[in-house]
Amino acid sequence: MEDSYKDRTSLMKGAKDIAREVKKQTVKKMNQAVDRAQDEYTQRSYSRFQDEEDDDDYYQPGETYDGEANDDEGSSEATEGHDEDDEIYEGEYQGIPSMNQGKDSIVSVGQPKGDDYKDQRDLESERRADEEELAQQYELIIQECGHGRFQWALFFVLGMALMADGVEVFVVGFVLPSAETDLCIPNSGSGWLGSIVYLGMMMGAFFWGGLADKVGRRQSLLICMSVNGFFAFLSSFVQGYGFFLFCRLLSGFGIGGAIPTVFSYFAEVLAREKRGEHLSWLCMFWMIGGIYASAMAWAIIPHYGWSFSMGSAYQFHSWRVFVIVCALPCVSSVVALTFMPESPRFLLEVGKHDEAWMILKLIHDTNMRARGQPEKVFTVNKIKTPKQIDELIEIESDTGTWYRRCFVRIRTELYGIWLTFMRCFNYPVRENTIKLTIVWFTLSFGYYGLSVWFPDVIKHLQSDEYALLTRNVQRDKYANFSINFTMENQIHTGMEYDNGRFLGVKFKSVTFKDSVFKSCTFEDVTSLNTYFKNCTFIDTVFDNTDFEPYKFIDSEFKNCSFFHNKTGCQITFDDDYSAYWIYFVNFLGTLAVLPGNIVSALLMDRIGRLTMLGGSMVLSGISCFFLWFGTSESMMIGMLCLYNGLTISAWNSLDVVTVELYPTDRR
């Protein structure tokens, strides 16, 4: 009986020992599995800390949490505080994790760490990797979509927008001489009209280019072209010089977004091997815009009979008709853009995968149907989209009113545009930005400067020729006379006019010096570049004349009367040949761009962008230098045509290089 009891006790003790040993081994294996999983994740997620010194108390692979090897006993913190005879029950308190383990390391075993726990640099690094993968995949997708009807349709739509930009540049130079006359602009103020449009274009390029990276190429281009068309149309009706400048400023602000957005938009639907050639062909629309502006100016502005007036306060001359006609390419581009989709590359960049896929399928199907292969299926199912990083937006408490909400929204968008601009000066595009800024500035300074300056050069050269034919009349006296014809290019010095009548006279470049007008009458008189210097008027009547106070320099009036004085400049140039000549010269200068456009389009992908850019700038600089020696109209015209023909290749190359050197989110 006693032996049986001992055997039963020994059996129970053996079973208990076996159970305890099995429990120890199970806990040991579970701890080792957890250790391996945590170590694997730590090495993967915190590789950037490999060079840093590990904390001595931090848990290491192959060690227990207290830092001591305890493989023989198979124990861990799970058994701390228990002797071998104690049982370990499920759910029992297992101890406190080490204080050196931060919140970032408290994650599910085997699961990646969430974005909320990642550093900003880690997120940006992942986004860059996604963008590189997307760039390679997108190039293959565009090649599968092919080049065909869709690209050509977008080519002509964007070409109209680029044509509107070319028109805007030439409008300034063509309108300047006529606007100076119609608005009575003194020579000191005419420079503002030549520079105000470029000031608006500079601000517009910054704003609309940044907005295109925020809201999309198509939407930004639609808005900026609408702004340009509206204010260009409005400027043709305003009468005051200040309001006219304001309208042209906003018109330039709108058109400033054309070039930055057009080239980015078109480049994102072209394969790499076709990009240089087709962007160069697109540049031809800028030349077409210049030819269009020159032809319209030549056909419209000199025809002053087209003008009408509503009293003396409102004058609508032919140059205003020209401004309206020049707004037509802009209006056409806005209408056509409403039928075009957004850039799929931009949509992928902002995470809109489904919309981008639908547009890429549209491009593919459109091109395949045009090729006679409608059965060909778009094989792309999934496209990589970069990781989207949330932006923190400051929301003020007082946003209940609509104007406060609008203010916060506008301020947020402007701040986003500014951040996008500043990212152009971050690594790795900082060096490219600085170099391209210098090239853009120097090329623009030369080309746009000559575009505005050249009409005045022709005008001054013709004035010099007129000066050789100037008639000088001195020390003479006229009495009881009547004049009703045009007086042109004359200088009257020390003259005396007694009881004379100037009826319907047109004064053109006439100056009266030290002269006396006694009992004279000026009636229905118009004038241009006509001045009375140190003259005396006695018992003289001015009726329905356009003599402004600034035309009387150091002059004296005795018992004189002014009736129905005209406002504005009323001169007409029915026989003015110089206007035709200026527009014809600009037409030739713009047409000279055609050979350069063709050469750059054919050779862009063969000799390289930078080679063409450098060679074109050197040659155009040499030709511009010889303008200094131009002493005749024919020589100046020839050098201008040569300069325009050489510099256009530099423009085309620079457009392509700028698009290709920047990523989509900063393009």
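Provided above is the structure to which this section pertains.
Keep in mind that this is a model prediction, so the values were computed, not measured. (Residues numbered from 1 in each chain as written. Predicted model: local features only at pLDDT ≥ 70, side-chain atom pairs only at ≥ 80, totals over all residues. Heavy atoms only, no water.)

## Points about the overall build of the protein chain
Thought 1: Looking only at helices and strands, the protein chain has 18 helices and 17 strands in total.
Thought 2: Counting over 667 residues, the protein chain shows a buried share of 44%.
Thought 3: Contacts spanning at least 24 positions in sequence make up 62% of the contacts within the protein chain whose residues lie at least 6 apart.
Thought 4: As displayed, the protein chain has an accessible area near 35700 Å², and 58% of this comes from carbon and sulfur atoms. (Helix = DSSP H or I, 4+ residues; strand = E, 2+ residues; numbered from the N terminus. Buried < 20%, exposed > 50% of the residue type's maximum accessible area, 1.4 Å probe, protein only. Contact = heavy atoms within 4.5 Å. Areas by Shrake-Rupley, 256 points an atom, 1.4 Å probe, with all protein chains shown as cover.)

## Here's the deal with the nonpolar core
Thought 1: Membership of the largest hydrophobic core comes to 115 residues, with the highest contact counts inside it found for Leu158, Met225, Phe266, Leu282, Phe322 and Leu360.
Thought 2: Among the elements that take part in this core, helix α3 (residues 149–182) stands out by supplying 17 residues, more than any other.
Thought 3: Within the second largest apolar cluster, 21 residues are counted, among which are Phe481, Phe502, Phe512 and Phe542. (Core = buried A, V, L, I, M, F, W, Y, C linked by side-chain atoms within 4.5 Å.)

## Regarding the environment of Arg609
Thought 1: Looking at where Arg609 falls in the secondary structure, it is placed in helix α17 (residues 609–625).
Thought 2: For the pair Arg609 and Val656, spaced 47 residues apart in the sequence, the C-alpha separation amounts to 7.4 Å.
Thought 3: Residues contacting Arg609, with those up to four places away along its chain left out, are Arg275, Gly276, Met604, Ser653, Val656, Val657 and Glu660.

## Some remarks on the pattern of salt bridges
Thought 1: Counted under the stated rule, the structure contains eleven salt bridges.
Thought 2: Linking Glu139 and Arg275 is a salt bridge whose minimum nitrogen-to-oxygen distance equals 4.0 Å. Pair noted here: Glu139 is in helix α2 (residues 120–145) and Arg275 is in helix α8 (residues 272–300), with a separation of 136 residues, a long-range link.
Thought 3: Assessed through its relative accessible area of 14%, Arg275 is described here as buried.
Thought 4: Salt-bridge contacts for Lys558 lead to Glu556; the nearest nitrogen and oxygen are separated by 3.9 Å. (Salt bridge = Lys/Arg side-chain N within 4 Å of Asp/Glu carboxyl O.)

## Focus on helix α9 (residues 318–326)
Thought 1: Burial runs high along α9: seven of the nine residues are buried.
Thought 2: Along α9, the positions that sit buried rather than exposed are Ser318, Trp319, Arg320, Phe322, Val323, Val325 and Cys326.

## Focus on the sheet that holds strand β10 (residues 516–518)
Thought 1: Taken in spatial order, the five strands of this open sheet run β4-β7-β10-β13-β16, and their pairing is parallel. Sheet topology places β4 (477–479) and β16 (556–558) at the edges, where each strand pairs with a single neighbour. Neighbour-to-neighbour, the strand axes of the sheet open up by a mean angle of 5 degrees, direction not taken into account.
Thought 2: Pairing analysis gives three bridges linking β4 to strand β7 (residues 496–498), with the strands arranged parallel. Counted as the bridge partner of Tyr478 is Tyr497 from β7. (Pairing = 2+ DSSP bridges. Axes fitted to C-alpha atoms, helices over the stretch in contact; angles between N-to-C directions.)

## Some thoughts on unusual backbone geometry
Outside of glycine, negative phi angles account for most residues, and trans bonds account for most peptide bonds.
Thought 1: One non-glycine residue with positive phi stands out, namely Asp514, at about 50 degrees.
Thought 2: Inspection of the secondary structure assignment puts Asp514 in the loop between β9 (506–513) and β10.
Thought 3: Although it is not a glycine, Asp554 adopts a positive phi angle of roughly 55 degrees.
Thought 4: Inspection of the secondary structure assignment puts Asp554 in the loop between β15 (552–553) and β16.

## Section: the pairing of β9
Thought 1: Bridging between strand β6 (residues 487–493) and β9 involves six bridges; their strand directions are parallel. Bridge assignment links Thr493 to a residue of β9, and that residue is Lys513.
Thought 2: In the sheet, β9 pairs with strand β11 (residues 521–528) via three bridges, with the strands oriented parallel. Residue pairing in the sheet places Lys506 in a bridge with Thr526 of β11.
Thought 3: With three bridges joining them, β9 and strand β12 (residues 531–533) adopt parallel strand pairing.

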